[in-house]
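Spelled out from the first residue to the last, the chains are:
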Amino acid sequence: MPSIWLLALQAAVSSSPSAQAEWAGETPPIEIRLRAPTLSMRGEAPIEVDLIGRGGSFAVSPFLQLTRGIAFEVMSDTGQPVAPAKPMAGSPPSPPLAKEDLITVSTKAPYRILTHESARTIFPRAGRFRVRARLYVFSFASKPIRYAQVVSETITVKVTE
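Everything in this summary refers to the structure shown in the same document. (Residues numbered from 1 in each chain as written. Predicted model: local features only at pLDDT ≥ 70, side-chain atom pairs only at ≥ 80, totals over all residues. Heavy atoms only, no water.)

## Re the overall build of the protein
Then, number 1: Looking only at helices and strands, the protein features 1 helix and 12 strands.
Then, number 2: Going residue by residue from the N terminus, the α and β elements of the protein occur as α-β-β-β-β-β-β-β-β-β-β-β-β.
Then, number 3: Rg of the C-alpha trace for the protein: 16 Å, near the compact-globule value of 15 Å for 161 residues, within the 12% margin.
Then, number 4: In terms of its C-alpha atoms, the protein occupies a principal-axis envelope of roughly 45 × 40 × 25 Å.
Then, number 5: Relative to its full complement of 161 residues, the protein shows a buried share of 43%.
Then, number 6: Put simply, of all contacts in the protein between residues at least 6 apart along the chain, 79% involve residues at least 24 apart.
Then, number 7: Of note, the protein has its 18 positive side-chain charges centred 4 Å away from the centre of its 13 negative side-chain charges. (Helix = DSSP H or I, 4+ residues; strand = E, 2+ residues; numbered from the N terminus. Rg over C-alpha atoms; globule rule 2.2 N^0.38 Å. Buried < 20%, exposed > 50% of the residue type's maximum accessible area, 1.4 Å probe, protein only. Contact = heavy atoms within 4.5 Å. Lys, Arg positive; Asp, Glu negative; His and termini not counted. Charge placed at Lys NZ, Arg CZ, Asp CG, Glu CD.)

Printed below as a string of structure tokens:
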């Protein structure tokens, strides 16, 4: 039987199918940075997710978004996993793309994704929360297909009523 901690963590991490990407080397050469203003539980949560290249080759699907390659981990101010007030609707996996249809991400050309989800599908209530993003990607070009995860630094987000 799973522990209560594991169940809480699973509830706190929104699910997301992997997004198509291509990269050289063992792990994707990118960094994820998050930015968020003070948010209201009554509106959207405009959290910016920036993918920034770190010197290697990396390209990602233009369909990348929250629930399609990106998932948020939300924790209380004390670090306990929390579940959102309302479940987030998932996204189906994106269609496979040719390599030339992927978006190249580099130091000079970062890629920004702006979330348009309701704050209620990310946060449980008003308060201060720790948030980090997980990027889930896979590469069709690799045989066998390879999967990778990249985790952002944690930011603190203030959420009001």
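Now that the structure has been shown, the text picks up again.
## Notes on a nonpolar patch on the surface
Then, number 1: Judged by side-chain polarity, Phe140, Ile145 and Tyr147 come together as a nonpolar surface patch covering roughly 300 Å² of accessible area.
Then, number 2: The class for Tyr147 is exposed, based on a relative accessible area of 59%. (Patch = residues over 30% accessible without salt bridge, like charges linked within 9 Å, V, L, I, M, F, W, Y side chains within 5 Å. Areas by Shrake-Rupley, 256 points an atom, 1.4 Å probe, with all protein chains shown as cover. Salt bridge = Lys/Arg side-chain N within 4 Å of Asp/Glu carboxyl O.)

## Some details on the pattern of salt bridges
Then, number 1: In the structure shown here, the tally under the stated rule is 8 salt bridges.
Then, number 2: Of the charged contacts, one joins Arg33 and Glu31 as a salt bridge, the two residues approaching to 2.8 Å between their closest N and O atoms.

## Here we look at the nonpolar core
Then, number 1: Core analysis: the largest hydrophobic core is formed by 37 residues, its most contacted members being Leu51, Phe72, Phe123 and Leu135.
Then, number 2: At 5 residues, the largest contribution of residues to this core is made by strand β10 (residues 127–139).
Then, number 3: Residues within four places of Leu135 in sequence aside, it is in contact with Ile30, Ile32, Leu51, Phe58, Leu64, Gly69, Ile70, Ala148, Gln149 and Val150. (Core = buried A, V, L, I, M, F, W, Y, C linked by side-chain atoms within 4.5 Å.)

## Description of the environment of Gly56
Then, number 1: Along the chain, Gly56 falls in the loop between β4 (48–53) and β5 (58–60).
Then, number 2: The sequence separation of Gly56 and Leu114 amounts to 58 residues, and the corresponding C-alpha distance is 24 Å.

## Some details on unusual backbone geometry
Then, number 1: The amide bond that connects Lys143 to the next residue, Pro144, takes the cis arrangement and shows omega of 0°.
Then, number 2: By the element assignment, Pro144 lies in the loop between β10 and β11 (146–151).
Then, number 3: One non-glycine residue, Thr67, lies in the positive phi region at around 75°.
Then, number 4: Residue placement: Thr67 occurs in the loop between β6 (65–66) and β7 (69–76).
Then, number 5: Thr67 sits in the buried class, given a relative accessible area of 3%.

## Quick notes on the sheet that holds strand β9 (residues 111–114)
Then, number 1: Read across the open sheet, the 3 strands follow the order β2-β4-β9; overall the sheet is antiparallel. For this open sheet the edge positions go to β2 (30–35) and β9, each flanked by a neighbour on one side alone. Strand-to-strand, the axes of this sheet are offset by a mean angle of 20°, without reference to chain direction. (Pairing = 2+ DSSP bridges. Axes fitted to C-alpha atoms, helices over the stretch in contact; angles between N-to-C directions.)

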